[in-house]
Amino acid sequence: MIQDIAPHTFNNEYTPSAPKDSDYVIVVDDRRILLKEHAGGRLMLPTVSDLLRDSDLLSSPAKSASEAAAAPNPVPDHSASDFLSQTLTYLFSIDETCFFFLPETPAARAPYQYVNEMVLRELEHDYLSFGAATAVQLAQWYTLHHFCGKCGVATVHSTTERAVICPKCGHIYYPRISPVVIIAITDKDRILLTKYSRKGTKRHSLVAGFVEIGETLEDAVRRETMEEVGLRVKNIRYIESQPWAFSSSLISGFAAEVDGDPTVHLNTDGKDELASAEWIPRDELACEDHSVSLTWDMIGKFRRQEL
Ligand SMILES: [Zn+2]
C-alpha cells in the first residue's frame, strides 16, 4: 500500500532543520501541486536547488498564469536563498531528505506545472508518492489555519511541535485526521464490489464512508452499509488500516458478512452516490493491481481466501 515504503523510513517527528539543496519543496494551489518535468516527461517534486536555480519562479507570485501575465513581476529584495530559508515550513523527513512547504503560489512556467494531486500516486519512486501526498495534506492544513477560528487574528507556527497557535487567546491547532471505514461485505464466496458515479470513476471499490460524530467505527460500518446498499451486516471484523492523505483520512478496513436478504438496494440520493453494486464470485475476481490502496489490498485478501 502507499504507506509501505520500506526500506525507506518515514519520520513524522517535528524536528525542523535548515533546508538542504536536496530537500523537496511542496507548492500547492488548492488540490494541485507544482511538479518539475524532467527528461522523458518524468514529473518530480522540485528540490530546494531547483528553486534556487530557477529563482525567477519565486518572484512571480500569482494564482494563475493569466494573473501572472497581468501582474507586475517584482524582484525580491533579498536573495532566493534567504527567501527560502525564511519562508519554508518544515513538514517531515523520509530517511535524510526533508520535505518543506512553501506557503505561496507562484505562477508556473516550463518545465514546471501544477498537476492534480492524484498524479502523485504515480511518481517514479513509491516512497515519494507517499511523501508528496502526505506533504500536500499538511500543506493544505497550514493553508486553512492562517487565522484563529475563535478570534480571527493571524496564527503563528509553534516552534516546538507541528501546530499553529493563536497569539491572542492561546488556542493551539493541531492537524486533524478524518476517520473513514471501508467494508468488504461478503456473502459466502461472493464479495460486493461497487462503482461510484462521480465523473471519471471507473475502478471498482468497496462500500466506504466517513465516520460521523458520535459513532464508533462499527456503527459507521453498519450505517454506511445500510445507507449505500440497503444491507444488514454481522460478524464485523477489523482487518487493517491506511493513512490516506488525499482526503486527510485514516482508513479502517473491515470485513462483514451480509445478514439476511442479500438483495442490494442502491442509494441514489446524495452527491457521491453509487452507480452500481454487484456480488462478484471469488473465482471471477480480476487480479487488478492497485497496490497503493487498502481497498484492493482487501479484495486481494478475499480472492486468496485470507480475509
Ligand atoms: Zn484566538
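Calculation criteria
Residues numbered from 1 in each chain as written. Predicted model: local features only at pLDDT ≥ 70, side-chain atom pairs only at ≥ 80, totals over all residues. Helix = DSSP H or I, 4+ residues; strand = E, 2+ residues; numbered from the N terminus. Buried ≥ 20, exposed ≤ 12 C-beta atoms within 10 Å, placed from the backbone. Contact = placed C-beta atoms within 7 Å. Pairing = 2+ DSSP bridges. Axes fitted to C-alpha atoms, helices over the stretch in contact; angles between N-to-C directions. Core = buried A, V, L, I, M, F, W, Y, C linked by C-beta atoms within 7 Å. Domains from an automatic or database assignment. pLDDT = per-residue confidence, 0-100.

J.: It is not clear to me how the overall build of the protein chain should be interpreted in this structure. Could you clarify?
T.: What the protein chain contains, in helices and strands, is six helices and 17 strands. In the protein chain, which comprises 307 residues, the proportion classed as buried is 29%. Look at the contacts in the protein chain between residues 6 or more apart in sequence, and 62% of them connect residues 24 or more apart.

J.: Sorry, what's going on with unusual backbone geometry here?
T.: Glycine aside, residues mostly have negative phi angles, and peptide bonds mostly take the trans form. Cis geometry is found at the peptide bond from Ala6 to Pro7, where omega equals 10°. As for its placement among the helices and strands, Pro7 is situated in the segment before strand S1 (10-11). At the junction of Ala110 and Pro111, the peptide bond is cis and its omega measures out at 5° in the coordinates. Assignment of secondary structure puts Pro111 in the loop between strand S7 (97-101) and strand S8 (112-116). Phi is positive for Asp30, close to 55°, though the residue is something other than glycine. Relative to the elements of secondary structure, Asp30 occurs in the loop between strand S3 (28-29) and strand S4 (32-37). Although it is not a glycine, Asn235 adopts a positive phi angle of roughly 50°. Inspection of the secondary structure assignment puts Asn235 in strand S15 (residues 233-244).

J.: Before we go on, may I ask you to explain the sheet that holds strand S6 (residues 89-94) in this structure?
T.: Sheets are built from strands paired through backbone hydrogen bonds, the pairs being either parallel or antiparallel. Taken together, four strands build an open sheet; the order of strands is S1-S6-S7-S2 and the sheet is mixed. Sheet topology places S1 and strand S2 (24-26) at the edges, where each strand pairs with a single neighbour. Bridge count for S2 against S7 is three bridges, and the pairing is parallel. Bridged to Tyr24 within S7 is Phe99. Relative to the sheet, helix H4 (residues 126-143) contacts S2, S6 and S7, its axis offset from that of S7 by approximately 30°.

J.: Even after reading the chapter, I still don't get the nonpolar core, so can you show me in this structure?
T.: One finds Ile26, Phe101 and Ile183 to be the most contacted residues of the largest nonpolar core, which totals 68 residues. Taken together, domain 1 (10-144) and domain 2 (178-303) each give at least three residues to this core, which thus spans both. In contact with Ile26, not counting residues within four places along its chain, are Ile33, Leu91, Phe99, Phe100, Phe101, Leu102, Ala135, Val136 and Ala139.

J.: Even after reading the chapter, I still don't get the pairing of S6, so can you show me in this structure?
T.: The side chains of a regular strand alternate, first on one face of the sheet and then on the other. Bridging between S1 and S6 involves two bridges; their strand directions are antiparallel. Paired with Asn11 across the strands is Ser93, a residue of S6. The sheet contact formed by S6 and S7 spans five bridges and is antiparallel. Opposite Ile94, over in S7, you have Thr97 as the bridge partner.

J.: So what exactly am I meant to see when it comes to the sheet that holds strand S11 (residues 172-173) here?
T.: Strand order in the open sheet formed by three strands is S9-S10-S11, with antiparallel pairing between adjacent strands. Strands at the two margins of the open sheet, each flanked by one partner only, are strand S9 (156-157) and S11. Two elements, strand S10 (residues 164-165) and S11, share two bridges in a ladder whose sense is antiparallel. Following the sheet pairing, Ile165 is matched in S11 by Ile172.

J.: What should I look at first to understand the confidence of the model for the protein chain in this one?
T.: Segments scoring low in pLDDT should not have their predicted coordinates read at a detailed level. Across the protein chain, pLDDT averages 88, with 90% of residues at or above 70. Note on residues 62-77: pLDDT is under 50 here. Beyond four places in sequence and across chains, it has 17 contacts.

J.: Please clarify how the pairing of strand S12 (residues 178-187) should be interpreted in this entry.
T.: With seven of its 10 residues buried, S12 lies for the most part within the structure. Looking at chain direction, S12 and strand S16 (residues 249-258) are connected through nine bridges and run parallel. Pairing of Ser178 across the sheet is with Ser249, part of S16. Sheet topology places S12 next to strand S14 (residues 207-210); four bridges connect them, and they run antiparallel. Bridge pairing in S14 places Val180 opposite Phe210. Following S12, the chain reverses through two residues before pairing antiparallel with strand S13 (residues 190-196); Lys188 in that reversal takes a positive phi of roughly 55°.

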